[in-house]
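# Structural characterization, general
Okay, here's what each chain looks like letter by letter:
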Amino acid sequence: MTSNQALADWVREVAALTQPEKIHWCDGSQAEYDALIADMLQSGTLIELDPETRPRSYLHRSDPSDVARTEHLTFVCTPERDDAGPNNQWLSPADAHARMDALFAGAMRGRTLYVVPYCMGPIDSPLARCGVEITDSPYVAASMRIMTRMGAPALRRIEREGSFVRGLHSLGDLHPERRFIMHFPHELSIQSIGSGYGGNALLGKKCHALRIASYQARQEGWLAEHMLIMGIEDPQGRLHYIAAAFPSACGKTNMAMLIPPQEYQGWKVKTIGDDIAWLHVGEDGRLWAINPEAGFFGVAPGTSRHTNANAVDMLQHDTIFTNVALTEDGRPWWEGLSDETPAYDWQGRPYDPANGPAAHPNSRFTVAARQCASWSDAAERPSGVPITAIIFGGRRASLAPLVLEAKNWQHGVLLGASMASETTAAATGQVGVVRRDPMAMQPFCGYHFGDYWAHWLATGARLSQAPGIYQVNWFRRDAERRFLWPGYGENLRVLKWIIERCQGSIDAQETPVGNLPLHGDIDLTGLDVSHEHMRQLTHIEPQDWLSEMDEVASFLHGYGPRVPQALHEERERVSQGLRQQASG
Ligand SMILES: Nc1nc2c(ncn2[C@@H]2O[C@H](COP(=O)(O)OP(=O)(O)OP(=O)(O)O)[C@@H](O)[C@H]2O)c(=O)[nH]1
Ligand SMILES: O=C([O-])CC(=O)C(=O)O
Ligand SMILES: [Mn+2]
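Residues numbered from 1 in each chain as written. Chains lettered and ligands numbered in written order. Predicted model: local features only at pLDDT ≥ 70, side-chain atom pairs only at ≥ 80, totals over all residues.

## Topic: the site of ligand 1
Selection criterion: Think of it this way: take the backbone, place a C-beta atom on it, and check whether that atom is within 6 Å of the molecule or strand, in which case the residue is near it. Only DSSP runs of H or I covering at least 4 residues are called helices, and only runs of E covering at least 2 are called strands; the numbering of each starts at the N terminus. The classification used treats Ala, Val, Leu, Ile, Met, Phe, Trp, Tyr, Cys and Pro as nonpolar, Asp, Glu, Lys and Arg as charged, and all other residues, Gly among them, as polar.
The local shell around ligand 1 holds 22 residues, among which Ser248, Gly251, Lys252, Gly302 and Gly487 are the closest. Elements with a minimum of two residues in the shell around ligand 1: helix 9 (252-256) and strand 17 (295-299). With three residues, helix 9 is the single largest residue contributor to the shell around ligand 1. A class-by-class count of the residues in the shell around ligand 1 yields ten nonpolar, nine polar and three charged.

Written out as structure tokens, the structure is:
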């Protein structure tokens with residue numbers, strides 16, 4: 001099936017261990033996709049949506065215990081424990097392999113083993129990397145065709161290059177006690193069992209393109225980040241590319257396909273990616289980004305014509321939904337979509353509000369990126385796009401202002417490293433608790449955060465035209481828990497400020513924590529945001545920030561001697577400035 005002996009041997013070994021009934025090598029063709037869908041309709045793995053209004057669209061209901069990433073079951077298994085860092089759970093490679101071999105033994109009996117070759121990034125890009133996922137889930141095989149460049153061209157590239165990431169996945173018995181997601185970065189391999197949920201099972205995404213890739217990127221001198229990539233064209237026709245890291249379910253997909261507000265005629269948004277960016281230092285000293293993915297695995301709840309019309313439009317056909325609710329006539333439904341009452345909830349029960357939300361809070365859609373009206377050809381460019389600004393964002397009801405500008409790269413790395421955000425339904429566990437999530441990579445960095453921050457600093461030192469670094473927060477709330485900022489399309493007003501700052505065309509107010517917009521520089525024309533709200537959104541309270549910086553200090557110290565001294569010094573400079581301000 002392949003001229004790559006290592007791949008052929010590996011498939012044979014896996015088959016001997018897992019005992020599948022059949023082996024299928026995926027070529028990525030339409031006929032193959034159609035056959036996968038037909039099989040899943042027959043087995044009940046997929047439910048067909050109303051073909052009149054939602055052609056070629058399906059609903060997948062997952063096991064109710066298997067609806068989100070499971071960070072407590074996710075491990076990074078480096079030979080040395082300290083290389084995984086306190087940010088990861090660790091097992092020795094030998095222990096992890098022993099545990100996984102036992103779980104995989106016979107796991108595919110009676111099932112088909114799919115060999116899924118894929119390429120992360122444009123197929124002809126030197127920045128792209130390939131992998132092969134072996135899975136016994138047709139849902140995973142079909143989803144990988146939507147989310148990656150999957151099939152024959154990827155296999156040819158693997159045969160040319162020789163190297164590829166090995167991902168082994170089985171649904172196992174879907175039992176939470178026999179569910180593990182293990183990463184072996186030094187072996188370029190991933191093993192995942194017991195879950196069919198996207199972030200745990202579509203191994204090209206979080207497992208390869210972030211955990212394994214971040215480890216490789218450090219060795220090779222680039223960055224693999226949890227970032228959207230978008231282009232913003234201003235009325236003068238100038239294009240500015242922005243990369244933004246927000247934690248899971250904190251607004252990347254929405255920002256990536258933002259629709260400019262009415263007052264912004266002449267502004268255009270181009271989508272390059274909504275979740276992952278691979279960043280390289282170019283020969284010109286600028287930072288260049290590719291999106292390794294080819295599709296969106298996006299959050300359904302909250303998506304509506306008012307918040308994200310581009311998404312609603314792209315979801316009208318050829319989409320696989322997971323754990324959404326259904327209307328009587330077979331259309332997908334979720335909280336925030338419309339005023340309709342659905343007929344069935346995400347578990348297929350007749351809808352009863354007493355059972356909680358109709359759609360699971362982490363219900364999602366899987367759709368090809370080219371279905372999005374704002375999708376840009378630039379996403380196919382082998383060299384990527386040059387980045388003007390990097391944005392870090394969190395979901396914080398208080399403290400963090402609407403926007404803040406880092407004084408320089410090193411201060412920007414501190415802003416990223418000290419990010420915190422309220423937890424969301426994208427991972428199992430409590431929702432709404434503030435936790436540190438450096439660069440939105442807490443669940444995804446495949447090595448020690450101390451080394452990671454040092455790598456960020458070293459990367460900045462290689463950039464002669466480094467992007468500006470910013471921090472945003474769309475989620476500040478008032479005493480009644482209402483959002484102070486309208487968000488969504490209106491976020492372009494903040495992005496415009498960021499672009500103007502990068503061009504050097506406007507001034508800012510300097511504070512110890514960073515630079516803030518001057519009064520009136522964030523354009524509020526046509527917006528219902530009072531001056532009092534705007535004041536709160538751009539106010540830095542020195543005492544509160546001093547305590548925040550104390551927390552950041554102990555957080556950074558928790559990572560021990562691998563944390564670069566420069567980061568401690570930068571933090572101390574901010575604290576000093578705040579102390580002076582508080583006493584003066
Ligand atoms: N209030 C407010 N909510 C937003 C904004 N942007 C996104 N949201 C909501 O936040 C939730 C998550 O948004 P997404 O854009 O899907 O987040 P994401 O970062 O792409 O999430 P992952 O796919 O998990 O990485 C959705 O319910 C959105 O409706 C905003 O600007 N303001
Ligand atoms: O990985 C997933 O399951 C979905 C996602 O984008 C995230 O959680 O950041
Ligand atoms: Mn994500």
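Still more ground to cover, so stick around.
## Description of the UniProt feature "binding site: Mn(2+)" (unreviewed entry) in the protein chain
For the record, the criterion: UniProt positions are given in the numbering used here, feature names are shortened, and annotations may be inferred rather than shown by experiment. Once C-beta atoms are placed from the backbone, any two residues with those atoms within 7 Å are in contact.
On the UniProt side, "binding site: Mn(2+)" (unreviewed entry) is annotated at positions that read Lys206, His226 and Asp275 here. Their sequence span is 70 residues, while the largest C-alpha to C-alpha distance among them is just 9.4 Å; these annotated residues converge on one region. Not counting residues up to four positions away in its chain, the partners in contact with His226 are Leu210, Ala245, Asp275, Ile276, Ala440, Met441 and Phe444. The residues contacting Asp275, other than those within four sequence positions of it, are His226, Leu228, Lys252 and Glu293.

## Regarding the site of ligand 2
Looking at ligand 2, the residues that line it are Arg69, Gly198, Gly199, Lys205, Lys206, Ser248, Asp275, Phe297 and Ala426. Of all the secondary-structure elements, those providing two or more residues to the shell around ligand 2 are helix 7 (198-201) and helix 8 (204-220). Class assignment of the residues belonging to the shell around ligand 2 gives a composition of two nonpolar, three polar and four charged.

## Observations regarding the packing of helix 15 (residues 542-557) against helix 16 (residues 565-583)
This is how the line gets drawn: Axis definition: a line fitted to C-alpha atoms, over the contacting stretch in the case of helices. Angles run 0 to 180 degrees between N-to-C directions. Relative orientations are named as follows: roughly parallel for angles under 35 degrees, roughly antiparallel for angles over 145 degrees, roughly perpendicular for angles from 65 to 115 degrees, and oblique for any other angle. For a crossing to be left-handed, the near helix must be turned anticlockwise from the far one by less than a right angle; the clockwise case is right-handed.
Two numbers describe how helix 15 lies on helix 16: the axes approach to 9 Å, and their chain directions differ by 160 degrees. The pairing of helix 15 with helix 16 is recorded here as roughly antiparallel in orientation. As helix 15 packs across helix 16, the resulting crossing turns out to be left-handed. Touching Pro542, Gln543, Trp545, Leu546, Met549, Val552, Ala553 and Leu556 of helix 15 are Leu567, His568, Arg571, Val574, Ser575, Leu578, Arg579, Gln581 and Ala582, all from helix 16. When the residues that make up the contact of helix 15 with helix 16 are grouped by side-chain class, the tally is eleven nonpolar, four polar and two charged.

## Concerning the sheet that holds strand 2 (residues 47-48)
The condition that has to hold: Following DSSP output, two strands are said to pair if at least two bridges run between them.
Read from one edge of the open sheet, five strands run 2-3-18-21-17, paired in mixed fashion. In this open sheet, the two edge strands, each paired with only one partner strand, are strand 2 and strand 17. Across four bridges, the pairing between strand 18 (residues 319-322) and strand 21 (residues 364-368) is antiparallel. Along strand 21, the bridge assignment pairs Ile320 with Thr366.

## Quick word on the nonpolar core
Side chains of a nonpolar character, in soluble globular proteins, are inclined to be buried together. To be explicit about the condition: Defined on buried residues, the nonpolar core groups Ala, Val, Leu, Ile, Met, Phe, Trp, Tyr and Cys residues joined through C-beta atoms within 7 Å. Between the buried cut of 20 or more and the exposed cut of 12 or fewer other C-beta atoms within 10 Å of a residue's own C-beta lies the partly exposed class, and all C-beta atoms are placed from the backbone.
Counting residues in hydrophobic clusters, the biggest one holds 171 residues, and the most contacted among them are Ile229, Ile242, Ala243 and Ala289. In contact with Ala289, other than residues within four places in its own chain, are Ile229, Ala243, Ala277, Trp278, Leu279, Gly384, Val385 and Ile387.

## Focus: the domain arrangement of the protein chain
Counted only if it meets this: All the domain ranges listed were derived from an automatic or database domain assignment.
With domains assigned, the protein chain is organised as domain 1 (5-45 + 69-220), domain 2 (225-295 + 377-579) and domain 3 (296-367). If you average the C-alpha positions of domain 2 and of domain 3, the two centres end up 29 Å apart. On the domain 3 side, the residues contacting the ten residues of domain 2 number 13 residues. When its residues are assigned to classes, the side of domain 2 that touches domain 3 shows six nonpolar, three polar and one charged.

## Quick word on the UniProt feature "domain: Phosphoenolpyruvate carboxykinase C-terminal P-loop" (unreviewed entry) in the protein chain
Within this structure's numbering, the places UniProt gives as "domain: Phosphoenolpyruvate carboxykinase C-terminal P-loop" (unreviewed entry) are residues 222-575. The span residues 222-575 is 23% helical and 23% strand by assignment, and the distance between its end C-alpha atoms comes to 31 Å.

## Some remarks on the pairing of strand 5 (residues 112-120)
For strand 5, the buried fraction is high: eight of the nine residues fall into the buried class. Two elements, strand 1 (residues 22-25) and strand 5, share four bridges in a ladder whose sense is parallel. By the bridge assignment for strand 5, His24 is matched with Tyr114.

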